Amino acid sequence: MEAILLVEDKPELREMLEQALVRMGHQAVPAADFREAEALFSQSRFSAVLTDLKLPHGSGMDVLRCALDFDSSLPVIIMTAYGSIAQAVEAMRQGAYDFIQKPVDLGHLEHMLARALERQQILRENLVLKEEYAKRYGFPRIIGEHPGMLRAGREMQRVAVTESTVLLLGESGTGKELFARATHQLSPRAGKPFVAVNCAAIPETLVENELFGHDRGAFTGAAGRQAGKFELAHRGTIFLDEIGELPAPAQSKLLRVLEDHTVERLGGTAPVPCDVRVIAATNRNLEEAIASGDFRRDLYYRLAVVPITIPPLRERGDDVLLIANYFLERFRREFKKTNLRLASDASAGLQQHAWPGNVRELQNAMERAAILNESEITAADLGIAGRDPAPGAEEPRLRERENIETTLRECKWNKAAAAERLGISYKTFLAKIKTYELD
């Protein structure tokens, strides 16, 4: 149901239009003047605005400017009397979507709104990875123009407005948590808690307590009741990162939560209602984990209602330069180094490097180079000099193996230090070492 802000000072007309919008299948949010409308913009999100041109304490032009300040893609329809058509045309020059004359033809209005909402949906899908839209709706910046990223962004937006569980798939460092936060901020649960849990970082003996909490006396030292992460996320979203590392007993309890919408604390005697939207993420192949008996098939189907795959950075072409320049501008401001720039060999090296740690590795490399340099950043400053791509279909894999081996040598085979330098988790790094036989 699309929320439409209706700004009209005459009570009878406002009530008639409000009822008409509801019959069209929309949610009508009424305001009697510009001041009320201005206050509502800061409290709610709207899909369109329908405003009279003449209003107390301002005008429809003020509503237009205010609307476009909050969201430049927001369609604003101006209602005008016959003698004010010239003003309505001027409003369109300043960004209004269209105008409609009074008395309002409701059939015409319904058609106009349908076209406006369809246009805005297309604009929002195109803007979902853009900085303006990210700032407007309060989620972290996601950068990309690669078709795989654009597809993931469109899928994210479409599923965000539902209550379906989402499974984010992709290598470590690709930005799965950013997608999870964006999904939450675009959902009806925005403004409610967003609780992120790294399942791989919790000791196996503490996983159930961390997720589901405990009652007093559940175990030695349990002096009082403690809410788990699911209870803390009530009416909001919980993000379960590295879900493939969840031990079997916790998988069973998670399945019950998804089926019954209740949690059972350790030592508890009664289920506790839990209204939570679940977003999970993994860099593992869960179908292989199912085949090996490490992951429940029924839980997988519950989690993967809408799977979204985030491509690795090495497959995203020119996106690496977009992201590198974004970080460059960010660190220019942060470190007050306005002369920082990328040398030509750095730009070439950025595209040739395999980036096994993906965006996280790139961010670390850019930050380190920005700290250590005052002006030009070279490929050597980024730690990617002299790593030309090997020909053939195995190019990304060979480059990744070479990069991991080189980093290990530079860190004197200290695996923890090498993983930190690459910007990937220690567990993922060990798996890559095993894959490339670098033990």
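Being a predicted model, the structure only gives us computed values, none of them experimental.

Q: Summarise the packing of helix 14 (residues 319-335) against helix 15 (residues 344-352); cite the residues concerned and give the values.
A: At a closest axis distance of 9 Å, the pairing of helix 14 and helix 15 adopts a crossing angle of 125 degrees. Comparing their axes, helix 15 and helix 14 come out oblique. In this structure, helix 14 meets helix 15 at a crossing whose hand is right-handed. Only Ser347, Leu350 and Gln351 of helix 15 make contact with helix 14, whose side of the interface consists of Val320, Leu321 and Ala324. Residue composition of the contact of helix 14 with helix 15, by class: four nonpolar, two polar and no charged.

Q: Can you tell me about the pairing of strand 15 (residues 277-282), naming the residues and giving the values?
A: Both faces of the sheet carry side chains from a regular strand, because those side chains alternate between them. In terms of burial, strand 15 is a largely internal element, six of the six residues being buried. Note that strand 8 (residues 166-169) and strand 15 share four bridges and pair parallel. Along strand 15, the bridge assignment pairs valine 166 with isoleucine 279. With four bridges joining them, strand 12 (residues 237-241) and strand 15 adopt parallel strand pairing. Counted as the bridge partner of threonine 237 is arginine 277 from strand 15.

Q: An account of the nonpolar core is needed here, citing residue identities and associated values.
A: Proteins that are soluble and globular tend to have nonpolar side chains buried together. The biggest cluster of nonpolar side chains holds 33 residues, and the ones touching the most others in it are Phe230, Ile238, Leu240, Ile243 and Phe295. For this core, the elements supplying multiple residues, two or more each, are strand 9 (194-198), helix 9 (207-212), strand 12, helix 11 (248-260), strand 15, helix 12 (286-291) and helix 13 (297-303). Of all the elements, helix 11 adds the most residues to this core, at five residues. Excluding its chain neighbours within four sequence positions, the residues that come into contact with isoleucine 238 are Val195, Val197, Lys229, Phe230, Ala233, Val276, Arg277, Val278 and Ile279.

Q: Describe the sheet that holds strand 9, with residues and values.
A: Strand order across the open sheet formed by five strands is 9-12-15-8-16, with parallel pairing between neighbours. The sheet is open, and its two edges are formed by strand 9 and strand 16 (306-309), each paired on a single side. The mean angle between the axes of side-by-side strands here comes to 20 degrees, regardless of whether they run parallel or antiparallel.

Q: Help me get a handle on the environment of alanine 180, residues and values and all.
A: The topology assignment puts alanine 180 in helix 8 (residues 176-185). On the basis of relative accessibility, which here comes to 0%, the residue alanine 180 falls in the buried class. It is 6.8 Å that separates the C-alpha atoms of alanine 180 and phenylalanine 239, two residues lying 59 residues apart in sequence. Discounting chain neighbours no more than four positions away, the residues touching alanine 180 are Leu168, Phe194, Phe239 and Ile279.

Q: Give me the side chain of glutamate 8: which residues, what numbers.
A: On the secondary structure map, glutamate 8 appears in the loop between strand 1 (3-7) and helix 1 (11-23). Glutamate 8 gets classed as buried once you look at its relative accessible area, which sits at 0%. What glutamate 8 contacts, discounting residues up to four positions off in sequence, is Leu13, Arg14, Ala31, Ala32, Asp52, Leu55, Met79 and Lys102.

Q: Which residues make up helix 7 (residues 147-160), and what values do they have?
A: For helix 7, spanning 14 residues, the distance from its first C-alpha to its last is 20 Å, which sits close to the expected 20 Å at 1.5 Å a residue. For helix 7, the complete set of buried residues consists of Gly148, Met149, Ala152, Gly153, Met156, Gln157, Val159 and Ala160.

Q: Give a description of the packing of aromatic side chains that names residues and reports values.
A: Summed over all chains, the structure comprises seven aromatic pairs. An angle of 55 degrees between the planes, with centres 5.5 Å apart, marks the rings of tyrosine 326 and phenylalanine 327 as tilted. Looking at tyrosine 326, the relative accessible area reads 25%, which means it is partly exposed. Assessed through its relative accessible area of 5%, phenylalanine 327 is described here as buried. Seen in terms of ring centroids, phenylalanine 331 and phenylalanine 335 are 5.5 Å apart; in terms of plane orientation they differ by 10 degrees. Their pairing is stacked. Residue phenylalanine 331 and its partner phenylalanine 335 are located together in helix 14, separated by four residues, close to a single helical turn. According to the relative accessible area criterion, phenylalanine 331 is buried, its value standing at 1%. Aromatic rings pair up to connect Tyr326, Phe327, Phe331 and Phe335 into one cluster.

About the criteria used
Residues numbered from 1 in each chain as written. Predicted model: local features only at pLDDT ≥ 70, side-chain atom pairs only at ≥ 80, totals over all residues. Heavy atoms only, no water. Axes fitted to C-alpha atoms, helices over the stretch in contact; angles between N-to-C directions. Helix = DSSP H or I, 4+ residues; strand = E, 2+ residues; numbered from the N terminus. Parallel < 35°, antiparallel > 145°, perpendicular 65-115°, else oblique. Left-handed = near helix turned anticlockwise from the far one by under 90°. Contact = heavy atoms within 4.5 Å. Nonpolar A, V, L, I, M, F, W, Y, C, P; charged D, E, K, R; others polar. Buried < 20%, exposed > 50% of the residue type's maximum accessible area, 1.4 Å probe, protein only. Pairing = 2+ DSSP bridges. Core = buried A, V, L, I, M, F, W, Y, C linked by side-chain atoms within 4.5 Å. Expected span 1.5 Å × (residues − 1). Phe/Tyr/Trp six-rings, centres within 6.5 Å; stacked < 30°, edge-to-face > 60°.

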